[in-house]
Amino acid sequence: MIAFLSIALFTTVSATTIADAETARVAYSNCLVDFTAAQLDAKTRTSAFKKAAKDACADERKAMISAMEKDEMAFGSSASEATSFATEEADGVLFSFTDSYAGYASSNTRPVKQ
């Protein structure tokens, strides 16, 4: 009975932290969509976009990293492992925009929100 309650509590906590991390990831991604669209409208060069994108959506990036750290630590990762993983994930979101920018510019298309 105690084991069942422990599993139920762990599952509930885990589901909540996963949802928080996903919500934060979507918020960061959507912020980068807005930033990217504005830069495309301004016809910003790719190199300038890549530099500026690193500092764009700083609050959303921090929130994503924080939520993912919390999620990883709930699954038993150390603080340093959680930070490393969360930062890697946020870098991946950013890379998807910086890597696609030239393609958007040349095809006159825009990223879309999730």
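Up top you'll find the structure we're talking about.
It should be emphasised that the depicted structure is a prediction, and the values quoted were computed from it without experimental measurement.

**Let's talk about the packing of helix 2 (residues 46-53) against helix 4 (residues 79-107)**
Now for step 1: The contact between helix 2 and helix 4 brings their axes to 9 Å, and the two run at 165°. Considering the angle they form, helix 2 stands roughly antiparallel to helix 4. Handedness of the crossing formed by helix 2 with helix 4: right-handed. Along its contact with helix 2, which presents T46, F49, K50 and A53, the element helix 4 presents L94, F97, T98, Y101 and A102.
Now for step 2: Class assignment for the residues of the contact of helix 2 with helix 4 results in six nonpolar, two polar and one charged.

**Here's the deal with the pattern of salt bridges**
Now for step 1: If you walk through the whole model with that rule in mind, you get four salt bridges.
Now for step 2: When the shortest N-O distance is used, the salt bridge between E22 and R25 registers 2.6 Å. Of this pair, E22 and R25 both sit in helix 1 (residues 2-41), separated by three residues, roughly a single helical turn.
Now for step 3: Exposure remark for E22: the relative accessible area of 38% places this residue in the partly exposed category.
Now for step 4: For the salt bridge of R61 with D91, the shortest nitrogen-to-oxygen distance reads 2.4 Å. Here R61 is found in helix 3 (residues 58-74), whereas its partner D91 is found in helix 4, with 30 residues between them in sequence.
Now for step 5: For R61, a relative accessible area of 16% translates into the label buried.

**Topic: the environment of Q114**
Now for step 1: One can find Q114 in the segment after helix 4.
Now for step 2: As a C-alpha pair, Q114 and S29 span 85 residues in sequence and 7.8 Å in three-dimensional space.
Now for step 3: Polar contacts involving the side chain of Q114 include one to the side chain of R25, which spans 2.9 Å.

Criteria and cut-off values
- Residues numbered from 1 in each chain as written.
- Predicted model: local features only at pLDDT ≥ 70, side-chain atom pairs only at ≥ 80, totals over all residues.
- Heavy atoms only, no water.
- Axes fitted to C-alpha atoms, helices over the stretch in contact; angles between N-to-C directions.
- Helix = DSSP H or I, 4+ residues; strand = E, 2+ residues; numbered from the N terminus.
- Parallel < 35°, antiparallel > 145°, perpendicular 65-115°, else oblique.
- Left-handed = near helix turned anticlockwise from the far one by under 90°.
- Contact = heavy atoms within 4.5 Å.
- Nonpolar A, V, L, I, M, F, W, Y, C, P; charged D, E, K, R; others polar.
- Salt bridge = Lys/Arg side-chain N within 4 Å of Asp/Glu carboxyl O.
- Buried < 20%, exposed > 50% of the residue type's maximum accessible area, 1.4 Å probe, protein only.
- Polar contact = N/O pair within 3.5 Å; in protein donor to acceptor, adjacent residues only side chain to side chain.

These results come straight from atomic positions and should not be treated as a statement about function.
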